[in-house]
Amino acid sequence: MTQVSRITAVLGPTNTGKTHYAIERMLGHRTGVIGLPLRLLAREVYDKIVSLRGPSVVALVTGEERIVPDRTQYWVCTVEAMPDGIGCDFLAIDEIQLCADLERGHVFTDRLLNARGLHETLFLGSDTMRSAIAALEPRAQFVRRDRFSELTYTGAKKISRMQPRSAIVGFSVDNVYAIAELLRRQKGGAAVVMGALSPRTRNAQVELYQNGDVDFLVATDAIGMGLNLDINHVAFSSLSKFDGRRMRPLQPNELAQIAGRAGRHMNNGTFGVTGEAPTLHDEVAKAITDAHFTPVRKLQWRNTRLQFGTVNALIRSLEDQTNGEWLTRVRESDDLGALKALSADAEVLARASDAKSVKLLWDVCRIPDFRGISHAEHSALLGQLFSFLHETGQVPADWFARQIKRIDRTEGDIDTLSKRLAFIRTWTYVAQRKGWIFDESHWRGETRAVEDRLSDALHDRLTQRFVDRRTSVLLRRLKQKEALVANVDDKGEVTVEGQFVGRIEGFRFRQDTSSSPDEAKTLRTASLQALTPEFHLRADRFYNAPDTEIDFTEQGGLMWGEHAVGKLVAGADALKPTVAAFVDEEAGPDVAQKVQRRLQHFIDRKIATLFEPLLGLSRDEALTGLARGFAFRIVESLGVLTRDSVADEVKTLDQDARGLLRKHGIRFGQYTIFMPLLLKPAPTRLRLVLWSLAQNLQEFPESPPPGLVTIPVPSGTPDGHLTMAGYRAAGDRAIRIDMLERLADLLRNQNSRGGFEANPDMLSITGMTLEQFSNLLAGLGYKFERGERTKIKAAPVQAGTPDEIPSDVPPEVPLDAPPETPIDTPPEAPDTPPQEVPVETPAETPPAPPPEMAETAEPTEPELEVFYTFTWGGNRKQNARPQGNNARTKPQGKRGKPKGKPEGAKNFQARPPKKDKIDPDNPFAAALMGLKKG
């Protein structure tokens, strides 16, 4: 005798363990199939059964996924993908109340009416289906299950005051993203769960929530269908949704399905509203908490006895009416709409000429519109697929590969990746159809791999946008009152629980500025746990660091590597500055004192090294009287003094005093008294800093670049800056004082009263053009006159070729050259213009003109050159006035205008010049005198 199948309806609100009960019942049979409302839930149940029985006996079949082992015993499917006629011992349908759903209800109704297990059938769902099931299946037995925990309504609450482990529900993608962004800024982030996500992305997001990385979940109504999460509170951000056709208010039973996710198992839960959602009416809130709802009166139905003779016959059978009291014909669904659109295509209609082709057309029309672009776009794609399948029986592999390749890209934002995931779902669905493509196992693997890559990329984008891991981790650890693990790497970057919070620069902590004000204090408190020992380690390393790792800046800062660790402060003496260390208060006084001592040692040694001649001068006990006083002036001015500022003191110094001072390297120049060793770049840079400190300057002038003889006179700098930098202003430019003294030595031999011209040595010292040199001498007190004269060419070379002429032979010799320089031209130029002799022979010599043309040729215009004549224009009584060799001798000769062409100034002397007199200020004067006598 055949055993009668037992039919049971297990009804009740959420959190009653209905799905768990069905899994237990199915595993008690040899074979079984369970139909679930969502692909996400199907994957969750599949993983649970695999963990209990192993993957070799469990199949997963959805529209986009198909895992069917050879020895399958248990089938986990979406309701639409449930296999027909396999004769399983057990069959269950979850969320049977979806029979009333306007979109998918007809599928659930068909399973309620026709799907049965050989031994046991279970219908799981809301108690609102009791009357409908009893009327349609009189044999059904009913089991009422109550919630394991209580559900309480708490009213409205702001998102900023939302308690942890809460889920905020929105009914549009934009709303979900906006809430998640707000939670990221205020609470550290949120996980995002939507029905459009792939199972891989959904699971990764759920894992963020379940493991505590975030305390908030933002979701659509997808969480209402059996997803079991540790949620304490559910908040509705809206009480209406778009159902594909229009905006409509949510019914109390729909709200209850979502609110029931709060308080899993034995934990009580709460629900309420937030944002712009209005508060619930008392009767609605009570209905949700008591699970009392209006019973379902009508189930959505569509004829399943289809006629495939012609396309029109199929459409008519799909639109058949029902006479059932509990049934109502479903509104036109997407697959029927696609069929009608394709039936209007003459080519499609011609291909669908028999029952087999009509059935194929209907199978193609049942491909869901995952892309959601438009009905026309979807119909065009279906028409192309039908053409491929009708012509060759398969979709071309190369065409299919191109469609997948276009989607297989992981760059882009959340919306872009979501669209690609929707597109790949279409091709995954096609690959799952048996016989639609060659080597379907390969293409199922390819589409699954692309979906996985896109899913991982989407999860990363969602996490990057909506999760601030640093804030969420710190808040969670502080909430749990756990010790925070902080660390400082070799680059000074500070991390707390693996999250970057700032960096140590020297001995100061620079907190990450991207943190919100709410978490700034938390971050600093947590960071100090790692910073305190790190500061001590750094102080020890700094104290033992060589001086080569420490330096000072031109603004008085003190650097350790690339980080500022202190600054110089003016002391009682310019050569004895003090230091102020940059150390955070949290580092403690021991660290601050150690850093300050090390910096003081550094600057003291730096001054002792670079200013050794100056310090030796200050400690010389042999200096007494006027010499000691003058030495004090030199030390006070850091080794550089303008001569006019100490002219009277210099006059009072005898040769013995000067000799003692010269032993310390002091040079008595015509313009400046200085120590040449202190004009090097390093002492000059330090001298400027020490002088700026002594002058209490807010902004220190910079040291000139090393190696320059002259520099532009800077504007806006304090008095004395150029002297401390080792320069003296002269006109528009300033000249280095040691080079100025060399120039003064050359000028001293010139007749500054009668006038002289600049020679190459003068221009070479300054590196200037003649015009720039005239401006320089004008700044030193000289006058100059500008003139023009005929340029004298060099004598022609008799032997050799132009290529053999040395490059260092000047084209002309200045007229005021010293006597030892041979001059090729006579003292006075002839009345007739001199013949121009080119220095270089042209490559081609033009033929000589005929005699008659030579007589009529005009003379060429002579080439002119510019020259400057310099005379002293200062006060005769000043020592700064340079004297020529015979300054007191009245020059002989006529002073009128010379005849002929100008030859420049002449050096008139009444007697031959004396031999060079030895300068007593020369540090080698004694040795030179000895040589002269010898």
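Residues numbered from 1 in each chain as written. Predicted model: local features only at pLDDT ≥ 70, side-chain atom pairs only at ≥ 80, totals over all residues. Heavy atoms only, no water.

Visitor: Can you tell me about the pairing of strand 1 (residues 6-11), naming the residues and giving the values?
Guide: Of all six residues in strand 1, five are buried, a share of seventy percent or more. As paired strands, strand 1 and strand 7 (residues 120-125) are joined by six bridges and run parallel to one another. By the bridge assignment, Arg 6 is partnered in strand 7 with Glu 120. Taken together, the four bridges between strand 1 and strand 8 (residues 141-144) define a ladder with parallel strand orientation. Residue pairing in the sheet places Thr 8 in a bridge with Gln 141 of strand 8. (Buried < 20%, exposed > 50% of the residue type's maximum accessible area, 1.4 Å probe, protein only. Helix = DSSP H or I, 4+ residues; strand = E, 2+ residues; numbered from the N terminus. Pairing = 2+ DSSP bridges.)

Visitor: A description of the packing of helix 1 (residues 18-27) against helix 2 (residues 39-53) should follow, citing residues and the corresponding values.
Guide: Where helix 1 contacts helix 2, the two axes come as close as 12 Å, and the packing angle between them is 40°. In this view, helix 1 runs oblique relative to helix 2, as classed from their interaxial angle. Pair helix 1 / helix 2 crosses with right-handed handedness. For the pair helix 1 and helix 2, contact is made by Thr 19, Ile 23, Met 26 and Leu 27 and by Val 45, Lys 48, Ile 49, Leu 52 and Arg 53, respectively. When the residues that make up the contact of helix 1 with helix 2 are grouped by side-chain class, the tally is six nonpolar, one polar and two charged. (Axes fitted to C-alpha atoms, helices over the stretch in contact; angles between N-to-C directions. Parallel < 35°, antiparallel > 145°, perpendicular 65-115°, else oblique. Left-handed = near helix turned anticlockwise from the far one by under 90°. Contact = heavy atoms within 4.5 Å. Nonpolar A, V, L, I, M, F, W, Y, C, P; charged D, E, K, R; others polar.)

Visitor: Lay out the sheet that holds strand 11 (residues 191-193) with the relevant residues and their values.
Guide: Read across the open sheet, the six strands follow the order 9-16-13-10-12-11; overall the sheet is parallel. In this open sheet, the two strands that pair with only one neighbour each are strand 9 (151-156) and strand 11. Averaged over all adjacent pairs, the angle separating strand axes in this sheet is 20°, with direction ignored. Note that strand 11 and strand 12 (residues 216-219) share three bridges and pair parallel. Looking across to strand 12, one finds that Ala 191 is bridged to Leu 217. Sitting on the sheet, helix 6 (residues 199-210) is in contact with strand 10 (166-169), strand 11 and strand 12, with an inclination near 140° to strand 11. Sitting on the sheet, helix 8 (residues 282-290) touches strand 9 and strand 16 (269-273), and the angle it makes with strand 9 is about 150°.

Visitor: Go over the sheet that holds strand 7, please, and point to the residues and values.
Guide: Sheet architecture is open: eight strands sit in the order 4-3-5-2-6-7-1-8, paired in mixed fashion. Strands with a single pairing partner mark the edges of an open sheet, and in this sheet they are strand 4 (66-67) and strand 8. Pairing analysis gives four bridges linking strand 2 (residues 32-36) to strand 6 (residues 90-93), with the strands arranged parallel. Bridge assignment links Gly 32 to a residue of strand 6, and that residue is Phe 90. Strands strand 2, strand 3 (58-61), strand 4 and strand 5 (74-78) of the sheet are contacted by helix 2, whose axis makes an angle of about 165° with strand 5.

Visitor: I'd like a description of empty space enclosed by the protein, backed by residues and values.
Guide: Scanning all chains against the criterion turns up one cavity of 30 Å³ or more. The residue inventory of the lining of the largest cavity, partitioned by class, reads three nonpolar, one polar and four charged. (1 Å grid on protein atoms, 1.4 Å probe; cavity = no way out; pocket = protein on both sides within 12 Å on 5 of 7 lines; lining within 4 Å. Points joined across faces, edges and corners; volume = space filled by probe spheres on them.)

Visitor: Tell me about the confidence of the model for the protein, and name the residues and values.
Guide: Taken as a whole, the protein shows an average pLDDT of 83; of its residues, 82% reach a score of 70 or greater. Between the elements of the protein, mean pLDDT differs from a low of 47, seen in helix 29 (residues 851-856), to a high of 96, seen in strand 6. Across residues 876-915 the pLDDT falls below 50, and counting only partners more than four positions away or on other chains, this stretch makes 50 contacts in the model. (pLDDT = per-residue confidence, 0-100.)

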